[in-house]
Amino acid sequence: DAGITQSPRYKITETGRQVTLMCHQTWSHSYMFWYRQDLGHGLRLIYYSAAADITDKGEVPDGYVVSRSKTENFPLTLESATRSQTSVYFCASRASGRGSYNEQFFGPGTRLTVL
Amino acid sequence: AQTVTQSQPEMSVQEAETVTLSCTYDTSESNYYLFWYKQPPSRQMILVIRQEAYKQQNATENRFSVNFQKAAKSFSLKISDSQLGDTAMYFCAFMNPGGSEKLVFGKGTKLTVNP
């Protein structure tokens, strides 16, 4: 399917377990992002990537790890899940270049519950 | 650091009427982009409208228009002829191009359109 997809869409896990959320985009966009959405906070940036093998921290990176070996994939790993990481996670991508539309396209989100 | 403030956590409007959602932001940059995103109950993030800071003319997209006041750092969204399908969370977002390209979001306004 064309566009940006996330898997799984729903995940329940237990405190201390490792969890990986997947993100895949078919546009070959340079930039990819991970946000978390919590009630009362809007969306906050966890990590972003400007290109393959280039990643950087966002506003709330603690407890998360990312990698980007291929342009189209940007997985997010919770190394040891905590209850405070219960949230809805959104992946997004956008093209680079000053002439671009600058729109970020969002995936459908993953609802993660940590028990 | 840039901040985005949406001072109205919730709003309601009658079908066919007009409603305005407020957004203010803080930045020292002169070139930036502003966006309004809609998030219906499906959770999908949908771009409603965008504004480039160097453009004086206010953006419009069908029933949606903005009032961009650069000096006041204000970016309000006006929805005309409100429809039941406009019921959603609305997020104001800021982006400074040329850096991380990340979006900084406000906390959102929950809009309910009543029949």
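Residues numbered from 1 in each chain as written. Chains lettered and ligands numbered in written order. Predicted model: local features only at pLDDT ≥ 70, side-chain atom pairs only at ≥ 80, totals over all residues. Heavy atoms only, no water.

Peer 1: When you look at the sheet that holds strand 1 (residues 4–7) of chain A in this model, what are you seeing that I'm missing?
Peer 2: The pairing of strands in a sheet happens through backbone hydrogen bonds and is either parallel or antiparallel. Residues and elements named next belong to chain A. Read across the open sheet, the four strands follow the order 1-3-8-7; overall the sheet is antiparallel. At either end of the open sheet lies a strand with only one pairing partner, and these are strand 1 and strand 7 (64–66). Neighbour to neighbour, the strand axes of the sheet diverge by 20° on average, direction disregarded. As defined by bridge partners, strand 7 adjoins strand 8 (residues 76–78) across three bridges and the pair is classed as antiparallel. Bridging from a neighbouring strand, valine 66 pairs with leucine 76 of strand 8. (Pairing = 2+ DSSP bridges. Helix = DSSP H or I, 4+ residues; strand = E, 2+ residues; numbered from the N terminus. Axes fitted to C-alpha atoms, helices over the stretch in contact; angles between N-to-C directions.)

Peer 1: So what exactly am I meant to see when it comes to unusual backbone geometry here?
Peer 2: The bulk of non-glycine residues show a negative phi, and the bulk of peptide bonds are trans. Here the bond from Ser7(A) into Pro8(A) is cis, since omega is -10°, no more than 30 degrees from zero. Following the sequence through the fold, Pro8(A) ends up in the loop between strand 1 and strand 2 (10–13). Positive phi, close to 70°, is recorded for Asp53(A), a residue that is not glycine. Here Asp53(A) shows up in the loop between strand 5 (42–51) and strand 6 (54–57). Classification of Asp53(A) as exposed rests on a relative accessible area of 65%. Positioned with a positive phi, Asp81(B) is a non-glycine residue whose angle comes to about 50°. Inspection of the secondary structure puts Asp81(B) in the loop between strand 9 (74–79) and strand 10 (88–95). You can call Asp81(B) partly exposed: its relative accessible area is 40%. (Buried < 20%, exposed > 50% of the residue type's maximum accessible area, 1.4 Å probe, protein only.)

Peer 1: Whenever I open this one, the layout of surface pockets confuses me. Can you help?
Peer 2: Using a probe with the size of a water molecule, rolled over the atoms, empty space left in the structure can be pinpointed. Quantified by volume, the largest pocket comes out at close to 530 Å³. Every residue lining the largest pocket is counted, 23 residues in all, and those nearest its centre are Gln37(A), Leu39(A), Gln39(B), Met89(B) and Phe91(B). Elements with a minimum of two residues in the lining of the largest pocket: strand 4 (31–38) of chain A together with strand 10 and strand 12 (109–114) of chain B. Considering each element in turn, the lining of the largest pocket owes the most residues, three residues, to strand 10 of chain B. Within the lining of the largest pocket, the residues separate by chemical class into nine nonpolar, eight polar and six charged. Volume-wise, the second largest pocket comes out at about 310 Å³. Lining the second largest pocket we find 15 residues, and of these Arg44(A), Glu59(A), Gln2(B), Val104(B) and Phe105(B) sit closest to its centre. Looking at the lining of the second largest pocket, the element that brings in the most residues is strand 5 of chain A, giving three residues. Residue classes in the lining of the second largest pocket are distributed as seven nonpolar, four polar and four charged. (1 Å grid on protein atoms, 1.4 Å probe; cavity = no way out; pocket = protein on both sides within 12 Å on 5 of 7 lines; lining within 4 Å. Points joined across faces, edges and corners; volume = space filled by probe spheres on them. Nonpolar A, V, L, I, M, F, W, Y, C, P; charged D, E, K, R; others polar.)

Peer 1: Just checking my understanding: could you explain the interface of chain A and chain B for this structure?
Peer 2: Where interface size is quoted, it is often the accessible area lost as the parts come together. Counting residues at the interface gives 25 residues for chain A, matched by 19 residues for chain B. Carbon and sulfur atoms make up 52% of the surface buried where chain A meets chain B, a total of about 1900 Å² over both sides. Where chain A packs against chain B, one counts zero salt bridges. Between the two partners, chain A and chain B, sit five residue pairs in polar contact (both at pLDDT 80 or more). Those elements giving two or more residues to the side of chain A that touches chain B turn out to be strand 4, strand 5, strand 9 (87–94) and strand 11 (110–114) of chain A. Its residues assigned to classes, the side of chain A that touches chain B comprises 12 nonpolar, nine polar and four charged. (Contact = heavy atoms within 4.5 Å. Buried area = accessible area lost by both parts, 1.4 Å probe. Salt bridge = Lys/Arg side-chain N within 4 Å of Asp/Glu carboxyl O. Polar contact = N/O pair within 3.5 Å; in protein donor to acceptor, adjacent residues only side chain to side chain.)

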